[in-house]
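# Architecture at a glance
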Amino acid sequence: MSGAWAPENDNTTTTTKTTVMDVWKQDSEGKKSFLLYYIGIEAVWHVALFTACYRYRPFVRLSKTASGHKLLTSLRRRISGSNITQKSSSLLSSSPPWKKHRWASWMPPRRTVVAASEWFFFNKVIGIPLWPTKILLAGWIHNKLSLRLSLETKAAAEGPIQIHTEENEGSFV
């Protein structure tokens, strides 16, 4: 089997690691298509994650449960420090001063801000370990489509298939 991803020797098996590394040995067209597949996967990932955070609001739903509220409160105390006084917490809960300005109407709605913060958290927690998987998926898609394209090109170069039977001697299918 020859192609962009297949080794020259058919006795060896192709692993995922060798297939991704073979992309970098290819010409610039192979690298471009691989990178375009990767960019497409990343775009779909970020849009889908933000849409899911905007629609389902996982932290808001988690904070409505008793155990989730305890968890988020303890995380908030760990991040901000446990020595927040009553005065500082009341200052934090008051409306921000920029709400008084005329450009406050340009501020995004609260739901969008919450979705963006959830997107940021999930992208850092899930997205970083998922990154190698996205690269392997782009390599796999590149492998399948380049193999299909090479087979179609080879079939087109050979011309139409001729089937010899007694009824249709010399006809083309």
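Above this text sits the structure in question.
On a predicted model such as this, the values are computed, not experimentally measured, just so you know. (Residues numbered from 1 in each chain as written. Predicted model: local features only at pLDDT ≥ 70, side-chain atom pairs only at ≥ 80, totals over all residues. Heavy atoms only, no water.)

## Let's talk about the overall build of the chain
Spelled out, the test is: Labels follow the DSSP assignment, with helices taken as runs of H or I lasting at least four residues and strands as runs of E lasting at least two, numbered in each case from the N terminus. Remark: exposure states derive from per-residue accessible area (1.4 Å probe, protein chains only) relative to the maximum for the residue type, with buried under 20%, exposed over 50%, and partly exposed in between. Here a residue-residue contact requires only that any non-hydrogen atoms of the pair lie within 4.5 Å. Throughout, the Shrake-Rupley method with a 1.4 Å probe supplies accessible areas, and for residues the shown protein chains are the sole cover considered.
Counting secondary structure elements, the chain contains 6 helices and 0 strands. Beginning at the N terminus, the succession of helices and strands in the chain can be written as α-α-α-α-α-α. Within the chain, buried positions represent 18% of all 173 residues. Counting only contacts in the chain whose residues sit at least 6 apart along the sequence, the fraction spanning at least 24 positions is 62%. With the model as given, the accessible surface of the chain reaches about 13,800 Å², and the carbon-plus-sulfur share is 64%.

## Things to note about helix H6 (residues 110–158)
Under the convention used in this document: Take the residue count of a helix, subtract one, and multiply by 1.5 Å to get its expected span. Values of bend correspond, residue by residue, to the angle between axes fitted over the seven residues ending at that residue and the seven starting there.
For H6, spanning 49 residues, the distance from its first C-alpha to its last is only 61 Å, which falls clearly below the expected 72 Å at 1.5 Å a residue. Most pronounced at Gly127, the bend in H6 amounts to some 50°, and the proline Pro129 follows within four residues. Within the sequence span of H6, burial applies to Val114, Ala115, Glu118, Phe122, Asn123, Gly127, Lys134, Ala138, Gly139, His142 and Asn143. Immediately beyond the C-terminal end of H6, within one or two residues, lies Gly159, with a positive phi of roughly 90°.

## Points about the nonpolar core
Inclusion rule: Side-chain atoms within 4.5 Å link the members of a nonpolar core, which is a set of buried Ala, Val, Leu, Ile, Met, Phe, Trp, Tyr and Cys residues.
Counting residues in each nonpolar core, the largest one holds 5 residues, listed as Trp45, Leu49, Cys53, Ala115 and Phe122. Where this core is concerned, the elements lending two or more residues are helix H2 (28–56) and H6. The dominant element in this core, judged by the number of residues it contributes, is H2, at 3 residues. In this structure Ala115 touches Phe50, Cys53 and Tyr54, once residues within four positions along its chain are discounted.

## So, the packing of aromatic side chains
Quick reminder of the rule: Each Phe, Tyr or Trp ring, with Trp reduced to its six-membered ring, pairs with another whose centre is within 6.5 Å; inter-plane angles below 30 degrees give stacked pairs, above 60 give edge-to-face pairs, and intermediate values give tilted ones. For a Lys NZ or an Arg CZ to count as sitting over a ring, it must be within 6 Å of the ring centre and within 35 degrees of the ring normal.
In this structure the tally under the stated criterion is 4 aromatic pairs. Seen from their ring centres, Phe50 and Tyr54 are 6.4 Å apart, and the 25° between their planes marks the pair as stacked. Of this pair, Phe50 and Tyr54 both sit in helix H2, 4 residues apart, which is roughly one turn of the helix. Through successive ring pairs, a cluster of aromatic residues spans Phe59, Phe121 and Phe122. The cationic tip of Arg111 hangs over the ring face of Tyr54; the distance from NZ or CZ to the ring centre is 4.7 Å.

## Comments concerning unusual backbone geometry
In this structure, Arg57 is a non-glycine residue whose phi angle is positive, near 45°. Considering the arrangement of structural elements, one finds Arg57 in the loop between H2 and helix H3 (58–63). Classification of Arg57 as partly exposed rests on a relative accessible area of 32%.

## Details of the pattern of salt bridges
Stated formally: Any carboxyl oxygen of Asp or Glu within 4 Å of a side-chain nitrogen of Lys or Arg constitutes a salt bridge here.
In total, this model carries 2 salt bridges according to the counting rule given. The salt bridge partner of Glu42 is Lys134, with a shortest N-O separation of 2.9 Å. Taken together, the positions of Glu42 in helix H2 and Lys134 in helix H6 put the pair 92 residues apart, joining distant regions of the chain. Considered together, Glu42 and Lys134 belong to a single accessibility category, that of buried residues. With its nearest N and O atoms 3.3 Å apart, the salt bridge here joins Arg148 to Glu152. Of this pair, Arg148 and Glu152 both sit in helix H6, separated by 4 residues, roughly a single helical turn. Of the residues examined, Glu152 reaches a relative accessible area of 44% and is grouped as partly exposed.

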